[in-house]
Amino acid sequence: MDQERYNAREAEPKWQKIWEDAALFQTGNGDSRPKYYVLEMFPYPSGRIHMGHVRNYTMGDVIARYKRAKGFGVLHPMGWDAFGMPAENAAMQNKSHPAEWTYANIATMRAQLKSMGLSLDWSREIATCDVAYYRHEQRLFLDLLDHGFAYRKQSKVNWDPVDCTVLANEQVIDGRGWRSGALVEQRELTQWFLKIGAFADDLLSGLDTLTRWPEKVRLMQANWIGRSEGLLVRFALAPVQTSQESDSVSDAVSEVEVYTTRPDTLFGAKFIAIAADHPLAAACAENNPELADFIAECRRMGTSVAVLETAEKKGYDTGLRVHHPFDENWLLPVYVANFVLMDYGTGAIFGCPAHDQRDLDFANAYGLGNQPVVCPPDQDPATFVITDKAYDGDGTLIHSRFLDGMTIPAAKEAVAKRLEEQTLGNAPQAQRKINFRLRDWGISRQRYWGCPIPIIHCEDCGIVPVPRADLPVVLPKDVSFDEPGNPLDRHPTWKYVACPQCGKAARRETDTMDTFVDSSWYFTRFTDPWNAGDPTTPEAIAHWLPVDQYIGGIEHAILHLLYARFFTRAMQATGQMGEVREPFAGLFTQGMVVHETYRDKAGAWVNPGQLRFETQGNERRAFLLDSGEEVAIGPIEKMSKSKRNTVDPDEIISTYGADTARWFVLTGSPPERDVIWTEEGVQGASKFVQRLWRLVGELMQAAGSEEPAEPAVFGPAASAIRKASHGALIKVESDIERLHFNTAIATIHDLANKLSASIGAIESEEIGADVRFACREAASILIRLFAPMMPHLAEECWAAASFAGLAAQMPWPDADPSLVVEDEMTLPVQVNGRKRADLTIAREASEAEIQAAAAALEAVQKALEGKPVKKIIVVPRRIVNVVA
Ligand code: ANZ
Ligand code: ZN
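One structure accompanies this document, and this report is about it. For clarity, every value in this text was computed on a predicted model and none was experimentally measured.

## Focus: the pairing of strand E1 (residues 35–40)
Argument step 1. Across the six residues that make up E1, a large majority, six, are buried.
Argument step 2. Burial of the side chains of E1 extends over both faces: Lys35, Tyr37 and Leu39 are buried on one face and Tyr36, Val38 and Glu40 on the other.
Argument step 3. With three bridges joining them, E1 and strand E2 (residues 73–75) adopt parallel strand pairing. Each bridged residue has a counterpart across the sheet, and for Tyr37 the counterpart in E2 is Leu75.

## As for the pattern of salt bridges
Argument step 1. Overall, the coordinates contain 51 salt bridges when judged by the stated rule.
Argument step 2. Of the charged contacts, one joins Glu297 and Lys314 as a salt bridge, the two residues approaching to 3.3 Å between their closest N and O atoms. In this pair, Glu297 sits in helix H10 (residues 289–301) while Lys314 sits in the loop between helix H11 (305–310) and strand E13 (315–324), placing the two residues 17 residues apart along the sequence.
Argument step 3. Judged by relative accessible area, Lys314 falls into the partly exposed class, the value being 30%.
Argument step 4. Each of Arg139, Asp143, Asp146, Arg468 and Asp534 takes part in salt bridges that share partners, so that together they form one network.

## Things to note about the site of ligand 1
Argument step 1. With respect to spatial proximity, 18 residues lie near ligand 1, and among them Ser228, Thr260, Leu341, Tyr344 and Arg437 are the closest.
Argument step 2. Arg358 is positioned with one of its side-chain polar atoms (N or O) 3.4 Å from a nitrogen atom of ligand 1.
Argument step 3. A distance of 2.4 Å is found between an oxygen atom of ligand 1 and a side-chain nitrogen or oxygen belonging to Arg437.
Argument step 4. The fraction of the free accessible surface of ligand 1 (650 Å²) that becomes covered by protein chains is 89%.
Argument step 5. Going through the elements one at a time, strand E11 (255–260) and strand E15 (348–351) are the ones with two or more residues in the shell around ligand 1.
Argument step 6. Residues that form the shell around ligand 1 fall into these classes: eight nonpolar, six polar and four charged.

## Considering the environment of Met85
Argument step 1. Mapped onto the secondary structure, Met85 falls in helix H3 (residues 85–94).
Argument step 2. When the C-alpha positions of Met85 and Ala794 are compared, they lie 42 Å apart, and in sequence the two are 709 residues distant.
Argument step 3. Excluding anything up to four places from it in sequence, Met85 contacts Arg179 and Arg447.

## Thoughts on the coordination of the zinc ion (ligand 2)
Argument step 1. At the metal site, the zinc ion (ligand 2) is ligated by Cys458 (SG), Cys461 (SG), Cys499 (SG) and Cys502 (SG), and these contacts range over 2.2 to 2.4 Å.
Argument step 2. Coordination at the zinc ion (ligand 2) is tetrahedral, judged from the four donor atoms that bind it and the angles of 106 to 114 degrees they form at the metal.
Argument step 3. In primary-sequence terms, the residues that donate to the zinc ion (ligand 2) follow C-x2-C-x37-C-x2-C. With Cys458 in strand E23 (residues 455–458) and Cys499 in the loop between strand E25 (496–498) and strand E26 (505–508), this pair connects stretches of sequence that are 41 residues apart. Across the pair, exposure class does not vary: Cys458 and Cys499 are buried alike.

Cut-offs applied
Residues numbered from 1 in each chain as written. Chains lettered and ligands numbered in written order. Predicted model: local features only at pLDDT ≥ 70, side-chain atom pairs only at ≥ 80, totals over all residues. Heavy atoms only, no water. Buried < 20%, exposed > 50% of the residue type's maximum accessible area, 1.4 Å probe, protein only. Helix = DSSP H or I, 4+ residues; strand = E, 2+ residues; numbered from the N terminus. Pairing = 2+ DSSP bridges. Salt bridge = Lys/Arg side-chain N within 4 Å of Asp/Glu carboxyl O. Near = heavy atom within 4 Å. Polar contact = N/O pair within 3.5 Å; in protein donor to acceptor, adjacent residues only side chain to side chain. Areas by Shrake-Rupley, 256 points an atom, 1.4 Å probe, with all protein chains shown as cover. Nonpolar A, V, L, I, M, F, W, Y, C, P; charged D, E, K, R; others polar. Contact = heavy atoms within 4.5 Å. Donors = N, O, S within 2.8 Å, 3.2 Å for Na, K, Ca; no water. Tetrahedral: all angles 85-135°; square planar, octahedral: opposite > 155°, others 65-115°.

Structure (structure tokens):
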């Protein structure tokens, strides 16, 4: 190995081509090795890859390469989540076509991913906007429809009148569209829904089987599904004297049904509250313009959880009264309230201010008072009062007649039982009910760039599915984005078709599917993307699924992962999923790549690429390269275009090479945490690349050109080398298995240090067959250890060492555990109580030997600053303290 420096810029494309020509990472179906499916969440083709992608895909690639070396048939595919709004926005801005923009971005990003040296099976590439993909999605939709998992219903939607589209609750901020800023209107639209609610219980209990998912994600999903066991209780309306209007209402309607999970608090009830959209509210508003105004105001506010939790609690007294179920003479007022949702429970509640914070805020605002009925264990029932903080903890029932003295569960049961037996108008007054917060999934989008819903509307036949033989329903290419609204709707011809049933003129559904549908089943398509006839192939599903390791951002903890879990169940019901119950056996959510921020004098964000840095002592200062103006160094934040603190992967790769970038994003922080991008860090990684290159050269020089047979005995120098390499091998293997990439990297650093030290200490006359064998073995192990992270450097080293074959094809080395039996220990060494060094020494060393070795340490000498040592205290196997 005569070349001094490793040249990443030459080596990387060279090895990429060699891998590609050998089709090394293509995995056929019908592979007999045990399977391993590793998948990173596929990217949206927004334009260019960013550092978050680099980190995400590097992690997946380390696993893929490692598992391949371990003898698995690895499936590691890549595709594009390619439908969605940004393409339409770009089309509007650039007067281009969404397809053009999307495919150009895909081409750019594919080239970028290839330049990272990812071991992907590109023969399986899919893009969700390809008709080759979405035709199968249409087929899946028809299957779901046949099985009753897809249906149409009228629903209230948030309508953005500027963007002319439906918005999710999360997209309505302070009553305005998140993008357009327009006041959102409530509209009744008929939309397509998927019955995710039918699987609520199974989606919840399935979480228990996902032992390789982060606890946090499982909890978030459980909360989202929101199972609760409660009671439906009917309250009888009382005739009202005071107001004419409400009197007529109470003639027509006789009761209000509420849903409660706390029937135990029934004696603490102070009011009934109904949603603004409750039919009773509408009935009361008919002759009450003030109430009608209030209802309109509630609607404008929107119904997102965030809004409901933060908005001031407001209500309007309808004048109606109900009887308490346990006391004929006890009347409760009925309010319309802004914090009650129509689409949960029954859209009506009884309010117990003492034990529910929202109810308390409301009661305090309207002077309704409160009555505590659960007494905390450490309180005296006689003096326990509630003022502005509701008590929702455990305790004993008080002020509750027949419930007094009971625990909460016992009181719940007692109330349920009694009300089930009690009747109101011939029916039991209460009924037990399990509720889920999870709503069915509205998938209709009034957009062009999505998968067309394969439905035809006929005046005579109603809703007619497009016959399977007529699929795909292809998006028309000739559309314009000059006006807001859905271009499919105003297309001159596309939607006009003959009814497949009666032949009469009919029209196509012009809504397209939510893009979350596209990503709910893509991982199944990767198992056999060549199947033109069906979405999936049973053998391929049975072989490859579930995904063994899925990697992506925590931002997808709820929706995407839940939808994919739902699709797995629904597709199982339609016969496309074999026996697979869960799509992702292992899930890992990686942290972000973060970076310092900078602002110039005017307060504008500045990109680090425009800066020069100066360091004086502890102080770092930054200056603009062109003008020399000093800029302020701000906090470290997620890399984002808006703060301009991004680093372009292309630039890093062309300056330092992909291996350096890959290495850096794995260093330092645990992979689930954020990693701080710094220039010094990248330079450090780049230096380490060169260091490994030289180290392998040195090892091979010591090893000589001939491969010796394994000697029967190894001297101390050779043993030390073997111990270091096998020890690192065992550690890196267990680190990668547990996805502790950062500690794997630390171990490789440590191994490099140990090997350098060993080689440096060997005199050339000492080099016998045992050392030559150990050095060759060390080089071979070292290269294979860093190959998953720095695959190009590994190939270059492997070739330079004249080892046979390609590093990427080599099996993972076998460790010999007998070589690494611990006969050394490492002790921290303090000087006057401050830790200065670590001492590694034989476990059998005597106290005197330890004292001598500690005193001789360079770091200790330095810390002593010439002062004489008074004594050295050795706490056996724990610590050494040097006192000066
Ligand atoms: C009386 C009560 C007393 C309640 C108390 C809570 C505490 P989960 O567990 O999420 O299912 N609720 C019911 N329907 C509602 C709606 N449409 N909009 C707003 N709130 C609604 O929550 C169930 C509880 O949320 C129910 O139990 C009800 O208030 C409220 F000390 O009934 B509770
Ligand atoms: Zn028809």
